[in-house]
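Below are the chains, spelled out letter by letter.
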Amino acid sequence: MKLLETISNLAGKYFAVLVVGVALIAFFIPDPFVGLGAYITILLGVVMFGMGLTLKPVDFKLVLSKPMPVIIGVAAQYVLMPLVAFMLAYLMNLPAELAAGLVLLGSVPGGTASNVMVYLAKGNLALSVAMTSLSTILAPILTPLILLALAGQWLPVDPVAMFLSIVQVIIVPITLGVLLRRIFPATVEKSATVVPLISVIAIIVIVSAVVAANVESITTSGLLIFSAVMIHNLLGLFLGYVAAVLMRLDESKRRAISIEVGMQNSGLGVALATAHFGPLAALPNVIAAVWHNISGPILATFWSKKRVTEGKNIKESKPISRQAQ
């Protein structure tokens, strides 16, 4: 178990390098990875099951005790990111499948990797986890409706089928993970350090499968869609921070909301695109899986060197002990 824990820590630390490395291998030697595409939905379910194992009741306490920052963050995520994706798709004149895939990327909930980035960036981790949890719970309703409104002009969207897909690959595995943790807390706690390794392996396999299936598309449209994904992500990080500033939240919450808004659950995007739009529509989400794990650590490293005063916001200068947590 100690060895697995060490490997898990290393995999988490060098996740971005591993994703980029495997993506390059799959691009130049695609044949061994093409068949893995059939397991994308199962693999994403494994990742979400792992997320469920890590969730505790306290993670949802913030939503009830101090909901406004969570609501602001989730609203920014589900309003700003789809609109930015829609705008970029139009301005860059993306082909229909790529346009729908980019809007899908903007419409999925926050990714679990964002929680790690917020922690490293000295952001408000409780807020980050609460935002990820709430945005994920809302995904079965909001993601299909946003896609129907914004992406329906490029490709047909079946909101009911997409709702069922999200419930199947997100809600059910997370619920099972939460229940298992509640029934066998000691056992789950002991194995918690290995969960990130399983998630890393699953995401790497998903990335390799979609890259291998889209070698030709990457060759012809790779630079265009990479630029779109990169701009989408950077605007999300920026606008999330600005939204938090406008709402007069403290610096730790600004960092959390910025990263949560900017980093999406690209694995879910890949699964939904593959199932409902086609392999090409999955490409923006695959590139996001690579790029988000480059931009996220860079921003987290930058912020980690900047001191932040927890609990102190623009509106009030009272000490933290006198503010609600």
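These numbers were taken from a predicted model, which means no experiment stands behind them.

### A closer look at the UniProt feature "transmembrane region" (unreviewed entry) in the protein chain
For step 1, the next point in the chain: Mapped onto this structure's residue numbering, the UniProt feature "transmembrane region" (unreviewed entry) falls at residues 12-30, 36-58, 70-92, 98-121, 133-154, 160-180, 192-212 and 224-246.
For step 2, the next point in the chain: The span residues 70-92 is 96% helical and 0% strand by assignment, and the distance between its end C-alpha atoms comes to 32 Å.
For step 3, the next point in the chain: Across residues 160-180, the secondary structure splits into 100% helix and 0% strand, with the terminal C-alpha atoms separated by 29 Å.

### A closer look at the nonpolar core
For step 1, the next point in the chain: Judged by nonpolar contacts, the single largest core of 89 residues is most densely connected at Leu94, Leu102, Leu147, Val207, Ile225, Ile259 and Phe277.
For step 2, the next point in the chain: Broken down by element, this core gets its largest block of residues, ten residues, from helix 6 (residues 67-91).
For step 3, the next point in the chain: When sequence neighbours within four positions are dropped, the list of residues in contact with Ile259 reads Ser114, Met117, Val118, Ala121, Leu237, Leu299 and Trp303.

### Examining the environment of Trp154
For step 1, the next point in the chain: For Trp154, the location among the structural elements is in the loop between helix 9 (125-150) and helix 10 (159-183).
For step 2, the next point in the chain: What makes Trp154 buried here is its relative accessible area of 19%.
For step 3, the next point in the chain: Between the C-alpha atom of Trp154 and that of Ala99, which follows or precedes it by 55 residues, the distance is 7.2 Å.
For step 4, the next point in the chain: Beyond its immediate stretch of four places on either side in the chain, Trp154 contacts Phe86, Ala89, Tyr90, Ala96, Ala99, Ala100 and Val103.

### Topic: the packing of aromatic side chains
For step 1, the next point in the chain: Applying the stated rule across the entire model yields six aromatic pairs.
For step 2, the next point in the chain: Relative to Trp154, the ring of Phe86 lies with its centre 5.7 Å away and its plane at 55°, an arrangement referred to as tilted. Of this pair, Phe86 sits in helix 6 while Trp154 sits in the loop between helix 9 and helix 10, and the two are 68 residues apart along the sequence.
For step 3, the next point in the chain: Owing to a relative accessible area of 23%, Phe86 belongs among the partly exposed residues under this scheme.

### Some points on empty space enclosed by the protein
For step 1, the next point in the chain: Within this structure, the stated rule accounts for one cavity of 30 Å³ or more.
For step 2, the next point in the chain: What the largest cavity holds in volume is close to 200 Å³.
For step 3, the next point in the chain: In this structure, the largest cavity is lined by 18 residues; those nearest its centre are Ala113, Ile203, Gln264, Ser266 and Gly267.
For step 4, the next point in the chain: Secondary-structure elements contributing two or more residues to the lining of the largest cavity are helix 4 (40-54), helix 8 (113-120), helix 12 (195-213), helix 15 (266-276) and helix 16 (283-304).
For step 5, the next point in the chain: For the lining of the largest cavity, the residue count by class is nine nonpolar, nine polar and no charged.

### So, the packing of helix 15 against helix 16
The relative placement of two packed helices comes down to the angle between their axes together with the axis-to-axis distance.
For step 1, the next point in the chain: Relative orientation of the contacting elements helix 15 and helix 16 amounts to 165°, with a least axis distance of 8 Å. One element, helix 15, and the other, helix 16, form an angle in the roughly antiparallel class. The crossing of helix 15 and helix 16 is left-handed. Touching Ser266, Gly269, Val270 and Ala273 of helix 15 are Asn285, Val286, Ala288 and Ala289, all from helix 16.
For step 2, the next point in the chain: When its residues are assigned to classes, the contact of helix 15 with helix 16 shows five nonpolar, three polar and no charged.

### Some details on helix 15
For step 1, the next point in the chain: Most of helix 15 is tucked away, with eight of its eleven residues classed as buried.
For step 2, the next point in the chain: For helix 15, the complete set of buried residues consists of Ser266, Gly267, Leu268, Gly269, Val270, Ala271, Leu272 and Ala273.
For step 3, the next point in the chain: Buried residues belonging to helix 15 abut helix 4, helix 7 (96-107), helix 9, helix 10, helix 12 and helix 16.
For step 4, the next point in the chain: Its side-chain oxygen placed 3.1 Å from the backbone nitrogen of Leu268, Asn265 serves as the N-cap of helix 15.
For step 5, the next point in the chain: Looking at the residues trailing helix 15, positive phi occurs at Gly278, about 130°.

About the thresholds
Residues numbered from 1 in each chain as written. Predicted model: local features only at pLDDT ≥ 70, side-chain atom pairs only at ≥ 80, totals over all residues. Heavy atoms only, no water. UniProt positions renumbered as here; feature names shortened; annotations may be inferred. Helix = DSSP H or I, 4+ residues; strand = E, 2+ residues; numbered from the N terminus. Core = buried A, V, L, I, M, F, W, Y, C linked by side-chain atoms within 4.5 Å. Buried < 20%, exposed > 50% of the residue type's maximum accessible area, 1.4 Å probe, protein only. Contact = heavy atoms within 4.5 Å. Phe/Tyr/Trp six-rings, centres within 6.5 Å; stacked < 30°, edge-to-face > 60°. 1 Å grid on protein atoms, 1.4 Å probe; cavity = no way out; pocket = protein on both sides within 12 Å on 5 of 7 lines; lining within 4 Å. Points joined across faces, edges and corners; volume = space filled by probe spheres on them. Nonpolar A, V, L, I, M, F, W, Y, C, P; charged D, E, K, R; others polar. Axes fitted to C-alpha atoms, helices over the stretch in contact; angles between N-to-C directions. Parallel < 35°, antiparallel > 145°, perpendicular 65-115°, else oblique. Left-handed = near helix turned anticlockwise from the far one by under 90°. Polar contact = N/O pair within 3.5 Å; in protein donor to acceptor, adjacent residues only side chain to side chain.

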